[in-house]
Amino acid sequence: MVTIVSAVKRSEIVVALAGTPNVGKSAIFHQITGADVIVSNYPGTTVELMEGRVKHGDYDIRVIDLPGVYSLGAVSQDELVARRAILEQEPDVIVNIVDASNLERSLFLTLQLMELGRPMLVVMNMYDVALARGLHPSAAELSKKLGLPVITTVATRGENVARAFDEAVKIAAARVRPGKVLSLSRDTERAIKVLAGEIAKYLGKVPFGLPARTVAIKLLEGDEHLIKAVADLPGSERVLMRARRLAREIAAKYGEPSAYRIARERHGIAAMISREVTETVPAKLKWSHRLDNITSTVRTGVPIMVAIFAGLILLLIYVGGFLEGLLVNGWEILVSPALSGFFNGLGDLGRILDIGINQGIIGILAVMIPYILVFFLVFALLEDIGYLPRMAFVM
Ligand SMILES: Nc1nc2c(ncn2[C@@H]2O[C@H](COP(=O)(O)OP(=O)(O)O)[C@@H](O)[C@H]2O)c(=O)[nH]1
Ligand SMILES: [Mg+2]
């Protein structure tokens, strides 16, 4: 017998943007949706949710900008809304925006989003910031680790955003679900397996159509929202009791509440993936930084200081000497004869004055102006370019 699966063409696709705060979610949301945006409170909460509509090929797309959160726990209202919006609105694709320059922190949320088992795309934004910091996270490597498609973007410049959106729509239309499960520690996985077995066996149905493994993890974490959802179902008592017992065992073994233990294991996975997919290249220093480094470390700074002083002395000898010759000769050829002629006409006193004034002025022209002026000009320049404090530093 052939089962005919309903082939009704879905014309509406719901895309949910999820990510930690400040990863560029809004920047991407506005580029995708343009001006057609509705802001409303999520039902029963004070948390604002933005929604935009846009046409894409045959599809009407509804884009939801979820609150930025670091985790999908049920602790803060933002977290709960982000989670409820995903569980209740059933987006056809979750677009998880991560920060390429701080992957580790972003991936903690990614791991939790993956557990929801919905079609998903990872957008690695802030790629320019990562590169500027000498970080080269590889989209291909990350994709391999997560078992999800990954696209890099620079939202502020609009780079790759249209491609990411195309890809998201494709994933939604094809309903590709993440195939990969990232395992926690062996002990935790054992508890999860036992509890997931109980859930499958005793619970009439799984809340929100979540995978049994995910519900098991949430119950082990003592997640209020999921506990409530499970409590309404037939067969819940046995499952919840088992969950409490397993959570106590984890807590006793590790000396911390099971929720902390599970969070710690997720952090460990996030850190490991981030390390493994990111190549670190020392960022190219700007020339001013390099100059700063070489002038203010002793090994290179002292020779540079000696060279600058030697240069200053040579400059004084040559430029000062040249100016001295110019000024003294100029004075003696152009001014001195006329001055002497004038004073000599005044008799003996005049001759004495002539010698005094002439010598005095020649002294000024020979020393004060050429050497001291050059010296101060050079010092003013060194001060202005900021060398003097560096020189003081190496001394
Ligand atoms: N350099 C750089 N800045 C970005 C990028 N994407 C977003 N930003 C900036 O990062 C800040 C946070 O972006 P926003 O979209 O508000 O983040 P949200 O909190 O995730 O909604 C804003 O100042 C953006 O202009 C990017 O790819 N590169
Ligand atoms: Mg935002």
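Residues numbered from 1 in each chain as written. Chains lettered and ligands numbered in written order. Predicted model: local features only at pLDDT ≥ 70, side-chain atom pairs only at ≥ 80, totals over all residues. Heavy atoms only, no water.

> An account of the site of ligand 1 is requested, with residue identities and associated values reported.
The immediate surroundings of ligand 1 are formed by 14 residues, with Asn22, Lys25, Ser26, Ala27 and Asp128 found nearest. In the environment of ligand 1, an oxygen atom lies 2.8 Å from a nitrogen or oxygen atom belonging to the backbone of lysine 25. Within the backbone of methionine 126, a nitrogen or oxygen atom sits 3.3 Å from an oxygen atom of ligand 1. Considering ligand 1 on its own, with 590 Å² of exposed area, one finds that the protein chains cover 68% of that surface. Going through the elements one at a time, α1 (25-33) and α4 (127-132) are the ones with two or more residues in the shell around ligand 1. Of all the elements, α1 adds the most residues to the shell around ligand 1, at three residues. (Near = heavy atom within 4 Å. Polar contact = N/O pair within 3.5 Å; in protein donor to acceptor, adjacent residues only side chain to side chain. Areas by Shrake-Rupley, 256 points an atom, 1.4 Å probe, with all protein chains shown as cover. Helix = DSSP H or I, 4+ residues; strand = E, 2+ residues; numbered from the N terminus.)

> Residues and numbers for the packing of aromatic side chains, please.
Counting across every chain of the model gives three aromatic pairs. Aromatic rings pair up to connect Phe375, Phe376 and Phe379 into one cluster. The ring of tyrosine 254 has lysine 253 lying over it, and the distance from NZ or CZ to the ring centre is 5.9 Å. Arginine 261 extends its terminal NZ or CZ atom over the ring of tyrosine 254, reaching a point 3.7 Å from the ring centre. (Phe/Tyr/Trp six-rings, centres within 6.5 Å; stacked < 30°, edge-to-face > 60°. Lys NZ or Arg CZ within 6 Å of the ring centre and 35° of its normal.)

> Give me the lowdown on unusual backbone geometry, citing residues and values where you can.
Its identity as a non-glycine residue notwithstanding, glutamate 90 has a phi of 45 degrees, on the positive side. Tracing the backbone through its elements, the reader meets glutamate 90 in the loop between α2 (77-89) and β5 (93-99). Its identity is not glycine, yet phenylalanine 208 carries a phi of approximately 60 degrees, on the positive side. Note on placement: phenylalanine 208 falls in the loop between α7 (186-202) and α8 (212-220).

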